[in-house]
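Here is what each chain is made of, one letter per residue.
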Amino acid sequence: MSVPADPQHGVPFGVDVRRDGPVTTVTPEGEVDLATAAELEAAVGEMPSGGRCVVDLRRLAFMDSAGLRAIMRLDLRGREEGWALVVVPGDGMVRRLLEVSRVGDRVTVVDAPEDVE
Amino acid sequence: MSVPADPQHGVPFGVDVRRDGPVTTVTPEGEVDLATAAELEAAVGEMPSGGRCVVDLRRLAFMDSAGLRAIMRLDLRGREEGWALVVVPGDGMVRRLLEVSRVGDRVTVVDAPEDVE
Amino acid sequence: MSPASRGASHPLRRTVPAVPACVAGLRADAAGYLAAAGAPPELTEAVRLAVSEAVSNVILHAYPPDDDPGPVHLVVEVSRGTVHVTVADEGRGIAPRFDSPGAGLGLPIIANVATRLELGPAGEAGTELRMSFDGLAA
Amino acid sequence: MSPASRGASHPLRRTVPAVPACVAGLRADAAGYLAAAGAPPELTEAVRLAVSEAVSNVILHAYPPDDDPGPVHLVVEVSRGTVHVTVADEGRGIAPRFDSPGAGLGLPIIANVATRLELGPAGEAGTELRMSFDGLAA
Ligand SMILES: Nc1ncnc2c1ncn2[C@@H]1O[C@H](COP(=O)(O)OP(=O)(O)O)[C@@H](O)[C@H]1O
Ligand SMILES: Nc1ncnc2c1ncn2[C@@H]1O[C@H](COP(=O)(O)OP(=O)(O)O)[C@@H](O)[C@H]1O
């Protein structure tokens, strides 16, 4: 986990969204919790059927169950609307949380966005 | 709650099922838990669209969250298949469990099977 | 000291394989023990429900589904007006699980009916859930 | 006694209104306090996650949704190698709820990262969740 130097003043939450044909890459920064998870979820926006949404969590300093729930809801939306969700958890606390909750068994997890297919 | 005289030897679990046109009345007896909840759920069987299933829990000596989950699954099935679930909890521990878990807010609860409509 | 409270001074101890058929017997044993100890019906009812939920959790979550069932341990004792109940297993320990066959109802039901709930590791492996219930006349 | 462990001998105490925006500040305060006490990163990370879940539970579940938010209380202290964290509210008490906005993840996550978890009533109304974490060099 990349802990900010001063935990009182972490990076403010923000989401970078890039759309490239059928692939949307969503990269949140900062901390995902009850206050910010809805923003992460909403950032995905409209997805084309057959498309792929890569959620890159490697820049997060923190995520809790609010983030897990957002990922599970996106996964459900993808299954219903016919697009694929791919999660890039990095190797810190986000990956451990995905593993311990077995969310990582349900959604597609890769080491880097390039690793898809 | 009607506690059997000797709790070591409670009434064995069983379900009485009566089908009367569109109305099926399911009356379990004994204790609903992990070992018996599936039997309660299965007892409902095929239901006609537009029908009504009355689950009369007044003869139960005990029910735990396995019973709540069975009721919630039946409620979901009814909504999907277009029939109504009605629960008769009596005034003992089953009613308290429905109230505290708010399952009673989601499903239709009546005092007696005659009270429907 | 009444015969009932004398009878209650030895803890109730049970260890059985964690399978669905064991839940009814364990909660009946706990309820019978408390009835003998002179517990009021509401208290006995609270313990019956909590034991049922705690033992069900062990059956559902403690051991990998495909293995032979491991043990569930139950202890009930009474001390100075409080009922202490411990349900322990030798399983994989508590973890949040999205694929949970439950619905996140067991622990909140126990927290609702018990005065206090404590959850921690049990010995070398597994989980110990201790619950206490006030309301027994001392 | 090192300056760090001296600094840790006063508990951290915070009381704020239970709204989503308060979660980040409370877990950062807890993490900052532990870092100053010389806690290793894994321990600080466990406490950050547990505080976040416990405070989120108060926000989501303790007070009726339409009321003004009530308070959430946080206490962190260090004693003999163990971190003790208490998150308390003055709300309606724990109950299982089918309409839960969560998914039954909070308590199991806390049980997973803490050594021990204790749940009971807080004062006149509300819930107190005490968590302890081993692993701080004494
Ligand atoms: N004895 C146990 N061993 C391992 N995991 C457990 C145990 N008890 C509970 N859990 C975990 O805690 C979660 C929440 O438990 P609980 O509130 O009882 O929910 P449920 O109604 O889904 O069983 C479970 O989904 C499970 O992952
Ligand atoms: N502080 C609290 N006050 C009232 N109820 C609570 C509190 N914390 C937890 N609960 C109840 O316990 C249930 C389980 O909590 P938790 O495991 O954290 O699940 P969730 O992830 O759904 O929030 C919640 O659905 C809620 O009904």
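Please read these numbers as outputs of a predicted model, since none were measured by experiment.

Draft legend 1. Structural view of the site of ligand 2. Neighbouring ligand 2 are 19 residues; Asn57, His61, Ala95, Gly104 and Leu105 of chain D lie closest to it. Ligand 2 sits at a junction of chains, with neighbouring residues supplied by chains A, C and D. Measuring from an oxygen atom of ligand 2, one finds a side-chain N or O atom of Asn57 of chain D at 2.7 Å. Within the backbone of Gly104 of chain D, a nitrogen or oxygen atom sits 2.8 Å from an oxygen atom of ligand 2. Relative to its free-state accessible area of 540 Å², ligand 2 is covered by the protein chains to the extent of 96%. Residue assignment for the shell around ligand 2 shows that the elements contributing at least two residues are helix H3 (41-62) and helix H4 (106-113) of chain D. Of the residues assigned to the shell around ligand 2, the class counts are eight nonpolar, eight polar and three charged.

Draft legend 2. The interface of chain D and chain B, seen in detail. Across the contact, six residues belong to chain D and seven residues belong to chain B. Roughly 550 Å² of surface becomes buried between chain D and chain B when both sides are summed, with 63% attributable to carbon and sulfur atoms. The tally of links from chain D across to chain B stands at zero salt bridges. Inspection of the chain D/chain B interface yields zero residue pairs in polar contact (both at pLDDT 80 or more). Of the residues that constitute the side of chain D that touches chain B, the class distribution is three nonpolar, no polar and three charged.

Draft legend 3. Representation of unusual backbone geometry. Despite not being glycine, Arg102 of chain A has its phi angle at roughly 65°, a positive value. In this fold, Arg102 of chain A is placed in the loop between helix H3 (93-100) and helix H4 (103-106). Residue classification places Arg102 of chain A among the partly exposed residues on the basis of a relative accessible area of 24%. Not every positive phi belongs to a glycine, and Arg80 of chain D is a case in point at roughly 45°. Mapping Arg80 of chain D onto the fold places it in the loop between strand E2 (71-79) and strand E3 (82-89).

Draft legend 4. Structural view of the interface of chain A and chain D. Listed by partner, the interface residues are 18 residues for chain A and 23 residues for chain D. Of the roughly 1,700 Å² buried at the junction of chain A and chain D (both faces included), carbon and sulfur atoms supply 59%. Summed over the shared surface of chain A and chain D, the result is four salt bridges. Close ionic contact of Arg27 of chain D with Glu31 of chain A constitutes a salt bridge, the shortest N to O distance being 2.5 Å. Applying the counting rule to chain A against chain D returns seven residue pairs in polar contact (both at pLDDT 80 or more). Looking at the side of chain A that touches chain D, the elements with two or more residues in it are strand E4 (60-63), helix H2 (65-81) and H3 of chain A.

Draft legend 5. Fine view of the packing of helix H2 (residues 22-36) of chain C against helix H3 (residues 41-62) of chain C. All names here are of chain C. H3 packs onto H2 with a crossing angle of 150° between their chain directions and a minimal axis gap of 9 Å. In terms of their interaxial angle, H2 and H3 are classed as roughly antiparallel. Along this stretch, H2 crosses H3, giving a crossing that reads as right-handed. Of the residues in H3, those in contact with Cys22, Val23, Leu26, Arg27, Ala30, Ala31, Leu34 and Ala35 of H2 are Thr44, Val47, Arg48, Val51, Ser52, Val55, Ser56 and Ile59.

Draft legend 6. Up close: the site of ligand 1. The immediate surroundings of ligand 1 are formed by 19 residues, with Asn57, His61, Ala95, Gly104 and Leu105 of chain C found nearest. Taken together, the residues near ligand 1 originate from chains B, C and D. The set of elements that each furnish at least two residues to the shell around ligand 1 consists of H3 and helix H4 (106-113) of chain C. For the shell around ligand 1, the residue count by class is eight nonpolar, eight polar and three charged.

Draft legend 7. Looking closely at the side chain of Glu41 of chain B. All names here are of chain B. Structurally, Glu41 can be placed in helix H1 (residues 37-43). Polar side-chain contacts of Glu41 include one of 2.9 Å to the side chain of Arg73. Beyond its immediate sequence surroundings of up to four residues, Glu41 is in contact with Ala70, Arg73 and Leu74.

Draft legend 8. The arrangement of the pattern of salt bridges in detail. Residues and elements named next belong to chain A. Applying the stated criterion to the full structure yields 28 salt bridges over all chains. A salt bridge links Arg106 to Asp75, with the shortest nitrogen-to-oxygen separation between them at 3.5 Å. One end of the pair, Arg106, is in helix H4; the other, Asp75, is in helix H2, with 31 residues separating them in the sequence. On the basis of relative accessibility, which here comes to 39%, the residue Arg106 falls in the partly exposed class.

Draft legend 9. Just helix H3 (residues 93-100) of chain B, in detail. Within H3 of chain B the residues assigned to the buried category are Met93, Val94, Leu97 and Leu98 of chain B. The arc that holds the buried residues of H3 of chain B, viewed along the axis, is 140°, so those residues lie on one side. Close packing links the buried residues of H3 of chain B with strand E4 (60-63), helix H2 (65-81), strand E5 (84-88) and helix H4 (103-106) of chain B together with H3 and H4 of chain C. Note on H3 of chain B: the residue one or two positions beyond its end, Arg102 of chain B, has a positive phi of about 65°.

Rules behind the numbers
Residues numbered from 1 in each chain as written. Chains lettered and ligands numbered in written order. Predicted model: local features only at pLDDT ≥ 70, side-chain atom pairs only at ≥ 80, totals over all residues. Heavy atoms only, no water. Near = heavy atom within 4 Å. Polar contact = N/O pair within 3.5 Å; in protein donor to acceptor, adjacent residues only side chain to side chain. Areas by Shrake-Rupley, 256 points an atom, 1.4 Å probe, with all protein chains shown as cover. Helix = DSSP H or I, 4+ residues; strand = E, 2+ residues; numbered from the N terminus. Nonpolar A, V, L, I, M, F, W, Y, C, P; charged D, E, K, R; others polar. Contact = heavy atoms within 4.5 Å. Buried area = accessible area lost by both parts, 1.4 Å probe. Salt bridge = Lys/Arg side-chain N within 4 Å of Asp/Glu carboxyl O. Buried < 20%, exposed > 50% of the residue type's maximum accessible area, 1.4 Å probe, protein only. Axes fitted to C-alpha atoms, helices over the stretch in contact; angles between N-to-C directions. Parallel < 35°, antiparallel > 145°, perpendicular 65-115°, else oblique. Left-handed = near helix turned anticlockwise from the far one by under 90°. Arc of directions from axis to C-beta.

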